[in-house]
Structures are given as structure tokens and as C-alpha cells.
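What follows is each chain in one-letter form.
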Amino acid sequence: METSYNDSVNEPLAVNTKPRMKTMRDRPVRWLILILTCFFVISRYYNFDVPQGIQKALQEDLNLSSLQYNLLYTVYSVPNIVWPLFAGAAIDKIGCRLSVLIFGSFVLLGQSLFAIGCFIGNFPLLLAGRVVLGIGGEAIVTIKIPIIARWFRPHQQGLATGTVFAACRLGSIIQGSLTPLLLEKSGSIGWAGAAGAILSAISLTSGLIWIVIDKRAEQEDIRNGLPRESEINLASLRDSGAANIEPSKLKSISLLLVVMALNAGLICGTVYTFLGNGNKYLQERAGLSPESAGQYISILYIVSMFFSLGIGKLVDIVGMRAHGVTLASLITLLSFITFLVLPDCDGCWSYLYPMIALGVVIGMWSSCLFPAVALVSKPQLIGTSMGFVNIVINIFQAGYPLISGSVQSSEQDREKGYYWPVIVYAVGALGAVIAGLLMTIFDKKKLLNTKKIAKKLPRIKITSDYKFDPNSPSQ
């Protein structure tokens, strides 16, 4: 029977089970699983930016330079440069349930080490905590995919995935406002960091409850003759290509995909490095309190959440994925230029506007770029393609903090010492714009900007050299 390309794009997480069998996965308990999954992933996104919420106090208490502070983000990303090389195979080997226990514990341990380092003023312990957090946190990004696949039928996986994505963004939103508030109330960077460890313990508890329920579901599946956990736990992950990469297939990476990966690395490297320094930046240049600066960052993530939910559906109707990536890159460039020309002020609102623009960028760019990776990849290479893009992203996210910290000067210099870091971000954004334009040029099959691609893809046969005519009603 012929398989449509649409199946691999729109339902990558499908698991072949008996559709009419009434297991626990067909009962209301699956919605409890969705809630538990949201609680399980939220701490990873909260903890990622905890240093940002306490940056100024952290640097003052531990006498850290800008380079040392940015190293906290570099060491988080370095392990994840190689993680996609074996992520899928490693999780598949130990099983989904054990992975939840192990990597959820890594997140708790990593953030606990970070909090202890804050309490005792030990910078090497902060770095160690961030390394451990990075290994566990990025594994959780991978694990959430098979969890959704195991518990939701294909027609409900879009809703489940969107809900979990919203929970991820909610973690960033809460952190942006709560960490500076805790710092103000407690007067201690240690307690501000410890809140992340407490949330990690709640997330791990949610994971443990999921393990118990999932084990019961597997036992019921066995009684009903359905596939066992070991047979389906990562089949969907390999099919969807969320993080698995096969080194032997790297030679099949196309020039178009290389350009897309460069755009992804430049956008993530510039935007997230800026946000990692954003709280202190807004305090010193816009004259905001730590709490107000955190609220600005929370507003950014709120905007990104709503834009990602809306634009994802919009681009399926109008196409224009490459154009959307290019536009998001251009907005990024204009945002950093705006930061350069804005004068220093005391409690002004003018800095909120480029922050909102960056929120639009995150939502628009992620909705256009990542689906585009699947569109331009052969079905058997989606895993390799996504893994390659993730590796490039982590290379840039490891490198940009070091560059930013190296070029930042003293607070007495131009723009409180942030002039050259923002120049570096703007140059990176310009590179992303160029990469976005090259996406359209190198898209020989004209898939990225085609309208209503979901209706046309079912007519495309999967072959090694398929052709696609966007003006043809069928292929």
C-alpha cells in the first residue's frame, strides 16, 4: 500500500495499534497523563534561564565577569552538541520509563548543585550544575515526544503537542517574573535558585506518577494483545526524527539543509544569548527594577507562545515558510538595531517594543523553520536532518555567550558596556537574513513557499528523486 508523504509530516508520531481497542489510552486518564507531562517538562524551561533572573546579583556576589557569567550558558549547550548523535538510541536502549526517572533526576540534581553553588558562592559548582542540567534537560525535550505518541492517537497528537509546548513556554514565563521576585523578597541568590530545584522535584514526582500509570497501561495492553512498551517506546521518535541522528547519513545532508541549520544556529545563538543577559541589560539601560525587567521577558515569551500557536496553522494555508523565516530574521536584525539606537533611560517603556518584536520572532520563526526541515528531508532522513540542525543550534548557543562575554566592556563605556555585544547579535541576525534568502534560492523543489502544502503532499509519491510542481493539481 502506498504511503503518502503527508503521513510522515502531519502524523509523525503515529503508533500502529488496534484503533478500536479500549485501553487506558482511549480513556479519560490520558488527559491526566497530558497534565503530568506538562508538569514534567516545565522545570527544564524554568531552570534554563534562572541565571538570567539573578544575573546582576550573581555577578556582584561571586565577583563574576561577563565572560564567566555567560559561561553558565555555554557549558549547558556543550554536552548537547554531541547528544543528538546517540539520543534516540540511548533512550530506546533503557526504555521510556527509566529515561523519565534518570533524566528527571538529572534536572533535579543539576539545579540543586546550582542552588548550592549560589548559597556557598562556588562558581565551579555552578558550572557543574549547569552541565548536569543540560544533559537532563535536553533529554527531556526528546522524551516528551514518545510520551505523547504512546498516549494519544494521531488525531489528538496535535492538541497534545501544542499543550505541552505551551507548558514549556509557561516555564519560561514564570521564571522571568518569579526569580527576580524571590531574589527581592529573600535577598539571597541561593533561595532564588532553590525555587528551581523545588520545581524540579515536583516535575520528577509527576514523572514518577506517569511511570506508575504507564506500567499499568502496558499490563492492560498485554492482556489485550497490543504491542509492549519495548516495541513502541521510541518507534515514533525515530519516525518523527525529533533528536535521533545517524552519522552514516550525514553525507546526505543537502546544501539547503545546511543553510537552514545556519539560520537556526544564528537565530538561537543571538536571541537566546541576548535573553540570557536580558534582565541585567534592561536594569542597566532601561532603568528597570529586576522584577520589571523579568516581566518584560515574561511578556516576550507570552507573545511567542500565542504567535507560535497561530502562525503554525497560518503557514499551512498560505505557505511562505522560507519567507516567514526570512521575515523573522529581519525582525531580529531590526530589534537589535533598535536596542543600539535607544538612549539610556530611567524606567521608560521604549525597550518593551523591541522585546515584543523578539517574542514575535520566536513564535514566527519556530513555526516556519522546524516544519520546513521535515518538508525538505526524505522520510528516512528526517531524524538525521533534525539531529544535524540541533547540533548546529547547540554549537552556536555554546559559542555566542563566550563571544558576547568577551566583547562586553565596563559599565562606564558606551551603552553601559553593551554596545559591542549587541553589535555581535546584529551581525549574527544579518547572517540569518542572508541564510533565509538563500533558503528560497536553494529550494529547487519549491516546497517551502507553496500554499496549502498539506492538500498537495498526499499526491506526491515517496521516491528518491520525487518531483513537485506547485501549479499542478496532482503529481
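Residues numbered from 1 in each chain as written. Predicted model: local features only at pLDDT ≥ 70, side-chain atom pairs only at ≥ 80, totals over all residues. Heavy atoms only, no water.

A. Structural detail: the nonpolar core. Formed by 68 residues in total, the largest nonpolar core has its most connected members in Phe274, Leu275, Leu282, Phe336, Phe339, Tyr351 and Met439. When sequence neighbours within four positions are dropped, the list of residues in contact with Leu282 reads Gly287, Leu288, Ala293, Tyr296, Ile297, Tyr351 and Met355. Leu36, Val50, Ala160 and Ile189 belong to the second largest nonpolar core, which has 52 residues in total. (Core = buried A, V, L, I, M, F, W, Y, C linked by side-chain atoms within 4.5 Å. Buried < 20%, exposed > 50% of the residue type's maximum accessible area, 1.4 Å probe, protein only. Contact = heavy atoms within 4.5 Å.)

B. Geometry of the side chain of Gln52. Tracing the chain through its elements places Gln52 in helix α3 (residues 50-53). Apart from the residues within four sequence positions on either side, Gln52 is in contact with Tyr69, Tyr73, Gln175, Leu275, Gly276, Gly278, Asn279 and Ile297. (Helix = DSSP H or I, 4+ residues; strand = E, 2+ residues; numbered from the N terminus.)

C. A look at the state of the cysteines. For the structure on display, the rule yields one disulfide. Through a disulfide, Cys345 is tied to Cys348; the S-S separation comes to 1.7 Å. Overall, Cys348 belongs to the buried group, its relative accessible area being 18%. (Disulfide = S-S within 2.5 Å.)

D. Layout of the pattern of salt bridges. Applying the stated criterion across every chain yields a total of four salt bridges. Of the charged contacts, one joins Asp214 and Arg97 as a salt bridge, the two residues approaching to 2.8 Å between their closest N and O atoms. With Asp214 in helix α11 (residues 189-223) and Arg97 in helix α8 (residues 96-120), the pair connects residues that are 117 residues apart, well separated along the chain. Overall, the relative accessible area of 14% leaves Arg97 in the buried class. Of the charged contacts, one joins Asp344 and Arg285 as a salt bridge, the two residues approaching to 2.7 Å between their closest N and O atoms. Of this pair, Asp344 sits in the loop between α17 (321-341) and α18 (352-375) while Arg285 sits in helix α15 (residues 278-286); the two residues are 59 residues apart in sequence, bridging distant segments of the chain. You can call Asp344 partly exposed: its relative accessible area is 38%. (Salt bridge = Lys/Arg side-chain N within 4 Å of Asp/Glu carboxyl O.)

E. Molecular detail of the environment of Leu199. In this fold, Leu199 is placed in helix α11. Apart from the residues lying within four places of it in its own chain, the contact partners of Leu199 are Ile42, Ser43 and Tyr46.

F. Up close: the packing of helix α2 (residues 29-48) against α8. In the contact formed by α2 and α8, the axes pass within 11 Å of each other and the chain directions differ by 30°. The two elements α2 and α8 cross, and the hand of that crossing is left-handed. Contacts between α2 and α8 involve Phe40, Ser43 and Asn47 on the former and, on the latter, Val100, Gly104, Val107 and Gln111. Among the residues making up the contact of α2 with α8, the classes are represented as three nonpolar, four polar and no charged. (Axes fitted to C-alpha atoms, helices over the stretch in contact; angles between N-to-C directions. Left-handed = near helix turned anticlockwise from the far one by under 90°. Nonpolar A, V, L, I, M, F, W, Y, C, P; charged D, E, K, R; others polar.)

G. Focus on the confidence of the model for the chain. When pLDDT is averaged along the chain, the result is 80, and 77% of the positions lie at 70 or above. Between residues 229-243, whose pLDDT stays under 50, and residues either more than four places distant or in other chains, the model counts 48 contacts. (pLDDT = per-residue confidence, 0-100.)

H. Molecular detail of α2. The end-to-end C-alpha distance of α2, which contains 20 residues, comes to 30 Å, matching closely the 28 Å that a straight helix rising 1.5 Å per residue would cover. Extensive coverage of α2 is indicated by the burial of 15 of its 20 residues. (Expected span 1.5 Å × (residues − 1).)

I. Looking closely at the packing of aromatic side chains. Under the criterion given, the structure shown has 17 aromatic pairs. Ring geometry for Phe48 against Tyr73: centres 5.5 Å apart, planes inclined by 75°, an arrangement best described as edge-to-face. Remark: Tyr73 occurs in helix α5 (residues 66-77) and Phe48 occurs in helix α2; sequence separation between them is 25 residues. For Phe48, a relative accessible area of 10% translates into the label buried. With a relative accessible area of 4%, Tyr73 lands in the buried category. Sitting over the ring of Tyr45, Arg44 keeps its end group 4.4 Å from the ring centre. Lying over the aromatic face of Phe48, Arg130 brings its terminal NZ or CZ to 5.8 Å of the ring centre. (Phe/Tyr/Trp six-rings, centres within 6.5 Å; stacked < 30°, edge-to-face > 60°. Lys NZ or Arg CZ within 6 Å of the ring centre and 35° of its normal.)

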